[in-house]
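# Understanding the architecture of this molecule
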Amino acid sequence: MQDCHKSQKIALCMVGLPARGKTYISRKLHRYLNWLGYNCKVFNIGNYRREICGTECDKSFFDSKNEQATKARNECAQMALNDLINYLNSDGEIAIFDGTNTTKERRNMVQCSLLQQCQNVQTLWIESICDDADVIQNNIRLTKLNNPDYVSMNPEDATKDFLGRIKMYEEVYQKIDLDENLSFIKLINIGEDIQIHKVKGYLLSKIISYLMNLHIYPRPIYLTRHGGSTFNQENRVGGDCDLSQQGIQYSEQLGKFLLDEFPTQEQRNQIHCLTSTMKRATHTAEIVCNILKINYLQLKTLDEINVGICDGLTYTQIAIQFPEDFAERKVNKLTYRYPRGESYLDLISRIEPIIYEIERSREPVLVIGHQAILRCLYAYFHRNEISEVPQLEIPIHAIIKLTPAAYYCEEIRIKIDPETGERKQIEEDLQIARINMLTKKKSYILL
Amino acid sequence: MQELGKQQKMVIGMVGLPARGKTYISRKICRYLNWMGFKSKVFNIGNYRRQICGTDCNSNFFDPGNKDASKARDECALLALNDMINYLRNEGDVSLYDGTNTTKQRRKLIMETLQQKFSEVQVFWVESICNDEDVILRNIQLTKLNNPDYVGKSSEEATQDFQQRIEQYTKVYEPIDMDENISFIKIIDIGNDIMIYNIQGFLQSKLVSYLMNLHIYPRPIYLSRHGESQYNVVHKVGGDSDLTQTGLMYAKQLGKYFVQELEGNRNIKMFTSTMQRALHTSNEVCELLGVEYYSLKALDEINPGICDGLTYQQIADKFPQDYEERKMNKLTYRYPRGESYLDVISRVEQIIFEIERSRLPVIVIAHQAILRCLYAYFHEHEVPEIPKLNIPLHQVIKLVPAAYYCKETRIKIDPMTGNWEIQDEATIKKVKSFLDL
């Protein structure tokens, strides 16, 4: 679907007081849009300020009466903006301008620069408004105290200074007004109230729909493949075979594992279990849900990638019977489409509605799926580059637990032995450790 | 697409002055929900009023000071409400309460009545606000002058009376306020501004996305199957066969048709599938028109799974049980390793959004099952009818959305001679508009 809509560039500009979730929203949008296949980048003014002015800025730096500081801050904003415009004028498709942009003057400057200097750009202003003191306090605790700005301070001092910083901004804050003639969406109190003004176009409408479904409930998402199947044992692709004996055992052990994760029946009743329409997944779900005493939902959209004419063959047979295709797939696993079948890109397009559903859900979600499908889902939650998707490791007989945290997803992988039921956390896995470290570090600097 | 968790029954209440598009919106929502598989029905308070109080009501009837009339109108509103609740208790999933509901008091009455009689229901309000005089006047001309209320009156008389009616309502109009503590969406000036408050759940979320894409530009939608394919000739299902000579000629004639029909307008959107027969048809058309097409896997023909490449006779011989099952339940029957019509509807939903959103003419060159699903959506067919709808080869279906319905024209194009035969079905729909909703 994406190609139909790549004509215009898009600039998304955030507006809001500090600790209102602007960076959270920017990151989520960045992840979603990249996953969909758009070249998207976030330009965080705070990062520019930290690089140029250093990280020793206490709240007086943000006082609008501090002329020198104000000049410096404006320069940083301008630099970020320039980089953003250059990005859009080259190979960037969507750019997100993550900053407070709390005055009409600043917004006007940004809007005019964008319209003048970018060829063919659409802009959308996203204002996050929140007056719930608890939410703001929680936000500060989760995201600001680890901020490079407060590396040397203790939590109480840091919080006090940050609250002081917010006050500086509040003094000059002007909410977006209709007379500014901007396309905007206002998200008030985490989406309880939403106001949309003059938003048109495929992508902007999609972004609005996506934003409407966001929330900050930290519910866990469990991803697991179906138990081992007879085709898995023979190394065949496709097919609609049933579970092997080991697969059945895994399903039982999985059920027991989840019984421990959710000790009370009330908690279990809240789980949303999704699976595909294929025997091996449905059978796994049946066994698990019997143990948990809950229902599961079968969705054709979760069916494994359609391998077309290669259905039922082993990789060796494919290499022999269709050598050209085999080679092509090795070179370009992401875009290669099996004849009469699908490509990974088709899959991403196909499972997009599931992403919306999972985002929207405030209750735990359990997805019992297939390798290619889970690679796509996992890549979305873990912000992998789209090119990495076909190589992501989603082992059989293991469950991945993702818990969305402030700017990244906490991940735990647990291998469950089908026979003994022994659970081993795969923490030593270098890939996971590397990703976890990078994402934590990445939080504040480059995206 | 099913959603996570059980879906509660839902009531959607419309709010707004007369001629603000409430009936238009309710009918569109109703059609979309039915197509998605949620049994929905519109309960239009005006229809109840016409039945009970007659159609000779001039604007005085709507004067809030007219006590007798107000009492009668309240009774009609409650009657409609009761019928609506009964519908939900039985087979309905969603009821649309199509009326002005312009005062806080009326809205409160409805919320309290629902709470009393059917507390498990979710309520969602849609308010349409419009201050553009031209739009309102056009609305009156398109939809009110044909209204049974004004049969036998001249259009000036009718317009004047209707405008007075609007004034009566304006006197007491209270737009939805946040302190009423209800979930709502306000659509202002046909979507220029939208306000959403407290939406909950899968369905409300989807409806909001849907409503954001609506507009009232009367752009045409053209649906056509690919030209005749090799499999068509031997009556085989599935496959990715190419066009026959005849099919190729149709593609060229189709191109010529569009050249004439679009009169040089290149600002159109064209969608096709990823299958050869559709791609080649689209290639021919696009060459003549000078436009580009978008090839979408979502438009690929229904996947017949293990029956791919067989004729219906062969299917009957090899898989007699499946053959029988499909005959009995063509809508829900899923080919083993393949799809059902319900799967196709789910798949094709994103295309519906695309088409709704588009303000440019849209051309879709696809396949029989796909077009049955698309056509059913635009033409308000019941979902069970979908697998039997008539979408023959070598024919273009032109749909132009009008006030409450789609004007349909079918153009048969002879691949050899290029002659067109036009069939107009517009008039049937006009009658349907005001009676059964």
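Rules behind the numbers
Residues numbered from 1 in each chain as written. Chains lettered and ligands numbered in written order. Predicted model: local features only at pLDDT ≥ 70, side-chain atom pairs only at ≥ 80, totals over all residues. Heavy atoms only, no water. Helix = DSSP H or I, 4+ residues; strand = E, 2+ residues; numbered from the N terminus. Buried < 20%, exposed > 50% of the residue type's maximum accessible area, 1.4 Å probe, protein only. Lys, Arg positive; Asp, Glu negative; His and termini not counted. Salt bridge = Lys/Arg side-chain N within 4 Å of Asp/Glu carboxyl O. Polar contact = N/O pair within 3.5 Å; in protein donor to acceptor, adjacent residues only side chain to side chain. Contact = heavy atoms within 4.5 Å. Buried area = accessible area lost by both parts, 1.4 Å probe. Nonpolar A, V, L, I, M, F, W, Y, C, P; charged D, E, K, R; others polar. Pairing = 2+ DSSP bridges.

As named in an unreviewed UniProt entry, chain B is 6-phosphofructo-2-kinase domain-containing protein, taken from Paramecium pentaurelia.

In the annotation of an unreviewed UniProt entry, the entry for chain A reads 6-phosphofructo-2-kinase domain-containing protein, and the organism field reads Paramecium pentaurelia.

## Focus on the side chain of R372 of chain B
Residue and element names in this part refer to chain B. In this structure, R372 sits in helix α14 (residues 368–378). In this structure, R372 is buried with no salt-bridge partner, the nearest side chain bearing the opposite charge being E301 at 7.1 Å. Within the structure, R372 has its side chain in polar contact with the side chain of Y341 (distance 2.8 Å). Polar side-chain contacts of R372 include one of 2.9 Å to the backbone oxygen of L389. Setting aside its immediate chain neighbours within four residues, R372 contacts K330, Y341, I386, P387, K388, L389 and I391.

## Looking at the interface of chain B and chain A
Listed as interface residues are 43 residues of chain B and, on the opposing side, 42 residues of chain A. Counting the surface lost from both chain B and chain A, the interface buries some 3400 Å², and carbon and sulfur atoms represent 56% of this. Across the contact surface, chain B and chain A share two salt bridges. A salt bridge links D308 of chain B to R340 of chain A, with the shortest nitrogen-to-oxygen separation between them at 3.0 Å. Applying the counting rule to chain B against chain A returns twelve residue pairs in polar contact (both at pLDDT 80 or more). In terms of residue count, the dominant contributor to the side of chain B that touches chain A is helix α7 (residues 201–212) of chain B (six residues). Looking at the side of chain B that touches chain A, its residues break down into 16 nonpolar, 14 polar and 13 charged. Note: strand β6 (residues 193–197) of chain A against strand β6 (residues 193–197) of chain B, five bridges, orientation antiparallel. From the neighbouring strand, Q195 of chain A faces β6 of chain B, where its bridge partner is M195 of chain B.

## So, the pattern of salt bridges
Following the criterion strictly, the structure yields 42 salt bridges over all chains and no others. A salt bridge links D303 of chain A to K300 of chain A, with the nearest nitrogen and oxygen atoms 3.0 Å apart. Since its relative accessible area comes to 22%, K300 of chain A is described here as partly exposed. With a shortest N-O distance of 2.8 Å, R334 of chain B and D343 of chain B are connected by a salt bridge. Among the residues examined, R334 of chain B registers a relative accessible area of 35% and is labelled partly exposed. Under the relative-accessibility criterion, D343 of chain B is labelled buried at 12%. By sharing partners, the salt bridges in this structure join R49, R50, D149 and R165 of chain A into a single network.

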